[in-house]
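Spelled out, the chains give:
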Amino acid sequence: MGISSLFPVQVAVWQETIGPGLFERDLCINSPTGSGKTLSYALPIVQTLSNRAVRCLRALVVLPTRDLALQVNSARCKYCCKNIFGLIADHSIAEMCVQFDSLLFISLPQVKDVFAAIAPAVGLSVGLAVGQSSIADEISELIKRPKLEAGICYDPEDVLQELQSAVDILVATPGRLMDHINATRGFTLEHLCYLVVDETDRLLREAYQAWLPTVLQLTRSDNENRFSDASTFLPSAFGSLKTIRRCGVERGFKDKPYPRLVKMVLSATLTQDPNKLAQLDLHHPLFLTTGETRYKLPERLESYKLICESKLKPLYLVALLQSLGEEKCIVFTSSVESTHRLCTLLNHFGELRIKIKEYSGLQRQSVRSKTLKAFREGKIQVLVSSDAMTRGMDVEGVNNVVNYDKPAYIKTYIHRAGRTARAGQLGRCFTLLHKDEVKRFKKLLQKADNDSCPIHSIPSSLIESLRPVYKSALDKLKETVESEAHRKHTIGFKLSRMGKGRVTGRAKQ
Ligand SMILES: Nc1ncnc2c1ncn2[C@@H]1O[C@H](COP(=O)(O)OP(=O)(O)OP(=O)(O)O)[C@@H](O)[C@H]1O
């Protein structure tokens with residue numbers, strides 16, 4: 001993996017798990033973006049599970065579906081016209097909406113990749129339940145079915161007893177996790193030993209069909225309650241195989257084979273609000289953090305501000321991108337609509353000889369995957385993106401982040417800026433501001449103990465020289481927007497006619 005030594009957060013977590021700490025306490029880990037949190041929990045989990053004798057699901061990593069829901073909750077799916085927030089909340093609708101297919105799952109496969117890089121070496125298997133593939137495909141990856149011989153009649157109860165987990169470690173989103181808990185035969189959390197809640201602050205904000213109380217109930221240490229509760233959710237698929245949990249407060253369970261459910265909760269902006277953390281039912285929680293404050297920026301991140309009039313923002317951005325040359329850069333806007341407009345406008349600037357692509361929650365998964373691959377490979381230099389992408393995206397060699405629209409909260413700044421200066425690398429974050437916004441922005445950065453945000457100035461002669469090109473780019477943008485609106489209108493008209501036809505057909509039946 002190209003790793004020669006552990007990062008501080010990885011050392012600290014190792015000490016508390018495999019090291020002297022021996023998983024005695026649950027861990028709350030607050031560590032900056034790009035500091036290596038994923039490996040910090042993957043390593044000890046894989047290490048402890050490496051001597052397991054029987055395969056069953058023992059570690060569960062839960063990650064949020066993308067921030068898309070928060071950002072475009074008033075937008076509608078362009079294919080089925082349903083509210084996008086509804087699509088995310090209701091998985092079955094999301095699946096029916098074939099054109100919109102899976103939503104945004106950038107960090108989930110990345111987390112799986114980290115496990116997949118280390119787990120097979122010790123005979124462990126890792127699964128993914130995030131709704132990227134059909135539920136049937138997911139089930140066939142997660143559950144091992146007995147081989148049945150043709151022509152022989154089997155008792156379905158016996159077959160059910162034979163169902164076994166095909167994975168030791170599962171990376172899941174709450175929606176799909178609940179689908180499997182409720183409906184997948186043979187899927188059980190009965191033997192779970194490790195629960196990781198990544199991006200905890202984000203996950204705790206959303207109830208997601210009560211996934212957390214359900215998981216906690218199914219893994220409770222009180223044996224009697226646990227088994228009776230579990231049986232109301234699903235039949236035990238493991239016959240005589242039982243996991244007996246010790247009560248969390250019991251002392252002296254070091255080196256004993258009976259685990260309690262160990263929890264690790266993480267974020268770059270982890271809440272310390274006891275009310276919120278209480279939902280996780282943590283056992284003697286230990287708070288691991290890099291500094292005094294909740295918000296901390298990566299050490300080698302340099303923050304700059306560009307002050308300009310609002311209407312000249314595109315010109316300043318073009319001048320900035322020109323000066324950055326071939327360096328990889330992500331430009332953040334405040335909405336999917338402005339992402340699309342800005343990217344279209346930039347591509348109408350003949351002056352820019354760099355490849356710029358939109359990366360937005362309203363694009364199809366296949367388009368986004370292609371764009372991200374090209375960006376990783378350096379075939380695209382600039383991604384124009386909405387906040388949906390802020391959490392978790394790990395692309396090597398992103399040197400610059402630009403806040404085209406000012407982030408409203410320090411958390412947003414941290415997660416956006418955190419796409420650069422990862423893994424100890426140098427990175428820069430530029431924020432375009434109107435002069436009236438400067439004071440408030442300064443206060444925002446102070447929340448992350450950052451007092452240094454010098455002005456990045458762009459010569460006014462350069463801006464002036466770009467004006468004529470800007471005018472023609474704006475004209476082209478207008479044409480593009482009009483032709484897109486026309487196309488949407490035509491498609492909408494055709495779809496509504498098709499819809500009418502179907503209703504008539506059903507009425508006849
Ligand atoms: N010990 C290490 N040595 C070198 N590189 C590492 C090490 N640990 C992790 N990395 C690399 O650092 C990068 C960031 O790691 P990771 O994605 O786990 O960060 P994170 O803390 O989860 O960030 P975020 O909060 O933004 O999700 C990854 O590309 C990873 O491969």
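Please refer to the structure higher up on the page.
These remarks concern the structure in this document. The model shown is predicted, which means the values in this text are computed figures rather than measured ones.

## Comments concerning the packing of aromatic side chains
Tallying each qualifying case throughout the model produces 5 aromatic pairs. Ring geometry for F349 and Y470: centres 6.0 Å apart, planes at 15°, overall stacked. In this pair, F349 sits in the loop between α15 (336-347) and β12 (356-359) while Y470 sits in helix α19 (residues 460-508), placing the two residues 121 residues apart along the sequence. Considered together, F349 and Y470 belong to a single accessibility category, that of buried residues. Residues Y413 and F441 carry aromatic rings whose centres are separated by 5.9 Å and whose planes lie at 65° to one another, so their mutual orientation is edge-to-face. Placement of Y413 in helix α17 (residues 410-417) and of F441 in helix α18 (residues 438-446) is noted, with a sequence separation of 28 residues between them. A relative accessible area of 0% places Y413 in the buried class. Among the residues examined, F441 registers a relative accessible area of 2% and is labelled buried. Here the basic side chain of K313 rests over the ring of Y404, its NZ or CZ set 4.6 Å away from the ring centre. The aromatic ring of F375 is capped on one face by K328, whose charged end is 5.7 Å from the ring centroid.

## Some thoughts on the site of the ligand
Residues in contact with the ligand amount to 17 residues; listed here are only the nearest, S5, Q10, K37, T38 and D394. Take S5: an N or O atom from its main chain is 2.7 Å from a nitrogen atom of the ligand. Between the ligand and T38, the relevant distance is 2.7 Å, taken from an oxygen atom to a side-chain nitrogen or oxygen of the residue. Surface burial for the ligand is 80%, taken as the share of its 640 Å² of free accessible area covered by protein chains. Residues belonging to the shell around the ligand are distributed by class as follows: 5 nonpolar, 8 polar and 4 charged. Here the shell around the ligand spans two domains, since at least three of its residues come from each of domain 1 (8-72 + 88-147 + 163-222 + 244-289) and domain 2 (301-483).

Calculation criteria
- Residues numbered from 1 in each chain as written.
- Predicted model: local features only at pLDDT ≥ 70, side-chain atom pairs only at ≥ 80, totals over all residues.
- Heavy atoms only, no water.
- Phe/Tyr/Trp six-rings, centres within 6.5 Å; stacked < 30°, edge-to-face > 60°.
- Helix = DSSP H or I, 4+ residues; strand = E, 2+ residues; numbered from the N terminus.
- Buried < 20%, exposed > 50% of the residue type's maximum accessible area, 1.4 Å probe, protein only.
- Lys NZ or Arg CZ within 6 Å of the ring centre and 35° of its normal.
- Near = heavy atom within 4 Å.
- Polar contact = N/O pair within 3.5 Å; in protein donor to acceptor, adjacent residues only side chain to side chain.
- Areas by Shrake-Rupley, 256 points an atom, 1.4 Å probe, with all protein chains shown as cover.
- Nonpolar A, V, L, I, M, F, W, Y, C, P; charged D, E, K, R; others polar.
- Domains from an automatic or database assignment.

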